[in-house]
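# Overview (structure and organization)
Here are the chains, one letter per residue:
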Amino acid sequence: MDDKPERIVLTKEQQRKRRARSIAIALALGALVILFYIVTLVKGPGVLNQP
Amino acid sequence: MTDISAVDNRPQGGSLSAINLVSEAGVADYLALMKPRVMSLVVFTALVGLVLAPTHIHPVIGFTALLCIAVGAGSAGALNMWFDADIDAVMARTAGRPIPSGRITPREALAFGITLATGSVVVLGLLVDWFAALLLAFTIFFYIVIYTMWLKRTTPQNIVIGGAAGAFPPMIGWAAASGSISIEPVLLFLIVFFWTPPHFWALSLNRTGDYARARVPMLPVVAGAAETRRQILLYALVLVPIGAAPWLLGYADALYGMTALLAGGVMVLLSWQLWVQGSGQQAARHAGRLFGFSILYLFILFAVLLAEGVWAGLAGRAMA
């Protein structure tokens, strides 16, 4: 029995879309990091304290 | 090793080619999943609640709150599209959405929606206020579970009760700034709540066939167009004093009061024209006109409230 594993080959369009999604996710996560940093600067040491 | 081209991912039999292994969704498709037009209305009404709250909030914290509310609204949109993919597919207005058109799979939409919902609530709680986060979580729950999964397919009062989900954002904005709620954000809630039925029923009058095909019990499908027009008029009449309530109770100035009464009067006039017209092309035109004006109505009222709130804030700082 021939049990060769099958591989998926992405088309150029699928590669392009995947790359765009990956970049969007990276930008969103980066923005979240920056947001947390800026809020920490604004709120000071008690960043998780709430009035 | 055997290479399989991923050109055609539709089920064709065989092993790996029998399932859609490769996502073909673009970033724009995921953004469409979030219903950006609904998000913009949610953010605007939340902004008004934030600005009108008596407690000053740092602009960065305010921006964070609005961002979380926007993402929370987007997650609710995505989860709604996930659940309603079957009826979206049979309605002309929604057949082009990402899931019925095959650009995004239901599982991807579900994962996306849950991730955004969880993230928005947690970030809002951690960085802004836990009470506001609780309200946001409840709003998302209400929209998905109470409205989308239960009311929408079971009762003609679906958008009356379910409309509460769209009315919460000003309360969330207020809570984000002040940590609590009071009578003023409740008035903003009531304005959106009583605005929702005439707004959506005006739309559904021109989409009755779509809703009937999808077996969604919208009021025109269940009770007929005449009864729907009558109910629209009744809600428009009730909306006039509710829209003016912030001024009548002393929370807004005369400019807002006059604006609310005038805009409410136009809503009543358009609703009356629709009621009197009966059926046919003219009635369809009146329904479309009412739907369009209803969007303007809400925007105008909240814009004037926002302007008054900003002006009062500037004046207060000038006097201090």
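What counts and how
Residues numbered from 1 in each chain as written. Chains lettered and ligands numbered in written order. Predicted model: local features only at pLDDT ≥ 70, side-chain atom pairs only at ≥ 80, totals over all residues. Helix = DSSP H or I, 4+ residues; strand = E, 2+ residues; numbered from the N terminus. Buried ≥ 20, exposed ≤ 12 C-beta atoms within 10 Å, placed from the backbone. Domains from an automatic or database assignment. Nonpolar A, V, L, I, M, F, W, Y, C, P; charged D, E, K, R; others polar. Contact = placed C-beta atoms within 7 Å. Expected span 1.5 Å × (residues − 1). Bend = angle between axes of the 7 residues up to and from the residue. Axes fitted to C-alpha atoms, helices over the stretch in contact; angles between N-to-C directions. Parallel < 35°, antiparallel > 145°, perpendicular 65-115°, else oblique. Left-handed = near helix turned anticlockwise from the far one by under 90°. Core = buried A, V, L, I, M, F, W, Y, C linked by C-beta atoms within 7 Å.

On a plain count of helices and strands, chain A comes out with one helix and one strand. Here chain A holds 51 residues, and the buried ones make up 2% of them.

Residue and element names in this part refer to chain B. Its domain assignment divides chain B into domain 1 (26-181) and domain 2 (182-309). Computed from C-alpha atoms alone, the centre-to-centre distance between domain 1 and domain 2 is 21 Å. Those elements that provide at least two residues to the side of domain 1 that touches domain 2 are α2 (36-52), α4 (85-90), α7 (158-162), α8 (164-167) and α9 (169-178). By residue number, the principal contributor to the side of domain 1 that touches domain 2 is α2, which donates seven residues. Across the side of domain 1 that touches domain 2, the residue classes tally to 19 nonpolar, eight polar and three charged.

We now examine the environment of Trp 272 of chain B. Position of Trp 272 of chain B among the secondary structure elements: in helix α14 (residues 254-277). For Trp 272 of chain B and Ile 232 of chain B, which are 40 residues apart along the polypeptide, the C-alpha to C-alpha distance reads 8.7 Å.

Turning to the environment of Ile 61 of chain B, a few remarks are in order. When you line up the elements, Ile 61 of chain B lands in helix α3 (residues 59-83). In the structure, Ile 61 of chain B is positioned 218 residues away from Ser 279 of chain B in sequence and 51 Å away in space, judged by C-alpha atoms. When near neighbours in sequence (up to four residues on either side) are disregarded, Ile 61 of chain B contacts Val 39 and Val 42 of chain A together with Val 128 of chain B.

A few words now on unusual backbone geometry. All names here are of chain B. One non-glycine residue with positive phi stands out, namely Lys 35, at about 55°. Lys 35 gets classed as partly exposed once you count the C-beta atoms within 10 Å, which come to 19. Within the chain, Arg 215 stands out as a residue other than glycine whose phi angle is a positive 60°. Looking at the secondary structure, you find Arg 215 in the loop between α11 (208-213) and α12 (219-223). Judged by the 11 C-beta atoms lying within 10 Å of it, Arg 215 is exposed.

What follows deals with helix α13 (residues 225-248) of chain B. Residue and element names in this part refer to chain B. For α13, which comprises 24 residues, the first-to-last C-alpha distance of 34 Å matches the rise-based estimate of 34 Å (1.5 Å per residue) to within 8%. Roughly 30° is the biggest bend found in α13, and it falls at Leu 239, with proline Pro 241 one to four residues downstream. The first or second residue beyond α13 is Gly 250, which carries a positive phi of 85°.

Quick look at the packing of α2 of chain B against helix α10 (residues 183-205) of chain B now. All names here are of chain B. Interaxial distance between α2 and α10 falls to 10 Å at its minimum, and their mutual angle equals 160°. In terms of axis orientation, α2 runs roughly antiparallel to α10. As α2 packs across α10, the resulting crossing turns out to be right-handed. Residues Thr 45, Val 48, Gly 49 and Leu 52 of α2 form the contact with α10, whose participating residues are Glu 184, Pro 185, Leu 188 and Val 192. For the contact of α2 with α10, the class distribution of residues is five nonpolar, two polar and one charged.

The next subject is the packing of helix α6 (residues 130-151) of chain B against α9 of chain B. Residue and element names in this part refer to chain B. Their axes nearest at 8 Å, the elements α6 and α9 cross at an angle of 165°. By the angle between their directions, the pair α6 and α9 is classed as roughly antiparallel. The element α6 and its partner α9 pack so that their crossing is left-handed. Contacts between α6 and α9 involve Phe 131, Ala 132, Leu 135, Leu 136 and Thr 139 from the former and Met 171, Ile 172, Ala 175 and Ala 176 from the latter. Residues of the contact of α6 with α9, tallied by class, amount to eight nonpolar, one polar and no charged.

Residue and element names in this part refer to chain B. In this structure, Leu 50, Leu 124, Ala 132, Leu 136 and Ile 172 are the most contacted members of the largest nonpolar core, which totals 97 residues. Built from parts of two domains, this core gets at least three residues from each of domain 1 (26-181) and domain 2 (182-309). Excluding its chain neighbours within four sequence positions, the residues that come into contact with Leu 136 are Cys 68, Ile 69, Gly 72, Ser 120, Val 121, Leu 124 and Ile 172.

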